[in-house]
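Structural characterization, general
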Amino acid sequence: MDRRTFLSWVGVGALASSLPIVIIACSNSEDNSTGLEQNATEVKTNNFQMIGLASELDTKGVLVNEDIADKPVMVFRHPETEKLIALNPECTHQKCNVELNIKTNLLVCPCHDSHFALDGTAVKKPATKPLEVYKVKQEEHLIFVKVV
Ligand code: FES
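These remarks concern the structure in this document. All figures in this text were calculated on a predicted structure; none of them were measured in a lab.

Of regular secondary structure, the protein possesses three helices and 10 strands. Across the protein, helices and strands are ordered from the amino to the carboxyl terminus as α-α-β-α-β-β-β-β-β-β-β-β-β. Sorting the 148 residues of the protein into buried and exposed places 24% on the buried side. Put simply, 42% of the contacts in the protein that link residues at least 6 apart link residues at least 24 apart.

Okay, here's the thing in structure tokens:
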């Protein structure tokens, strides 16, 4: 996906995330607003940001975004549990970006061959500190990450 396509999807995501707020603002019913208010509040107050589409993740196997925050973000599904995992792919040794190896279930640094478990734990030196892990969730067809 090129930058222009990604930015257009970010625009769609921003529109989609603001939709519950618009619906709440237009609603007169107190009964109908409760669930939508909670959903809108959760997205807004928890500072989750859209990183991409679930379909893109499932096609590519991994989403990497350098622009969503001050830190890069990598999202993938655990190969066995399908659980979403989001982390900072910068190796804690000298900041090369790690790569997902689904054959070994490891994140491998191409620079000096440090290995990390899929939960970010350093398992082979020279890196000794874990990768930074983020909260991640899927809502409908969109993937959201909370970068702190
Ligand atoms: S930068 Fe990753 S092992 Fe050195």
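For strand β3 (residues 73-77), the buried fraction is high: four of the five residues fall into the buried class. Sheet topology note: the strand β2 (residues 63-65)/β3 ladder contains three bridges and is antiparallel. Paired with Leu 63 across the strands is Val 75, a residue of β3. Where β3 and strand β4 (residues 84-87) come together, four bridges link them in antiparallel fashion. Residue pairing for β4: Val 75 is matched across the bridge by Ala 86. Hairpin connection, β3 to β4: the antiparallel pair is bridged by six residues, and Glu 82 has positive phi, about 70°.

Strand direction decides the pairing type here: strand β1 (residues 49-53) and strand β10 (residues 142-146), joined by four bridges, are antiparallel. By the bridge assignment for β10, Met 50 is matched with Phe 144. The pairing of strand β9 (residues 133-139) with β10 spans five bridges and is classified as antiparallel. Residue pairing in the sheet places Lys 137 in a bridge with Phe 144 of β10. The hairpin turn running from β9 into β10, its antiparallel successor, is two residues long, and Glu 140 in that turn takes a positive phi close to 55°.

This part covers the sheet that holds strand β5 (residues 99-101). Spatially, β5-β6-β7-β8 is the arrangement adopted by the four strands of the open sheet, whose pairing is antiparallel. Of all strands in the sheet, those bounded by a partner on one side alone are β5 and β8 (122-124). Here the average twist between neighbouring strands, direction ignored, is 35°. As paired strands, strand β7 (residues 115-117) and β8 are joined by two bridges and run antiparallel to one another. Directly across from His 115, in β8, lies its bridge partner Lys 124.

Below, the discussion takes up unusual backbone geometry. Here the residue pair Lys 125 and Pro 126 is connected by a cis peptide bond, since its omega of 25° sits within 30 degrees of zero. Among the structural elements, Pro 126 can be located in the loop between β8 and β9. Residue Glu 82 is not a glycine yet carries a positive backbone phi of 70°. Along the chain, Glu 82 falls in the loop between β3 and β4. Residue class for Glu 82 comes out exposed when judged on the 8 C-beta atoms lying within 10 Å of it. The backbone of Asn 105 sits at a positive phi, close to 55°, despite the residue not being glycine. As for its placement among the helices and strands, Asn 105 is situated in the loop between β5 and β6 (106-108). Residue class for Asn 105 comes out exposed when judged on the 12 C-beta atoms lying within 10 Å of it.

About the criteria used
- Residues numbered from 1 in each chain as written.
- Predicted model: local features only at pLDDT ≥ 70, side-chain atom pairs only at ≥ 80, totals over all residues.
- Helix = DSSP H or I, 4+ residues; strand = E, 2+ residues; numbered from the N terminus.
- Buried ≥ 20, exposed ≤ 12 C-beta atoms within 10 Å, placed from the backbone.
- Contact = placed C-beta atoms within 7 Å.
- Pairing = 2+ DSSP bridges.
- Axes fitted to C-alpha atoms, helices over the stretch in contact; angles between N-to-C directions.

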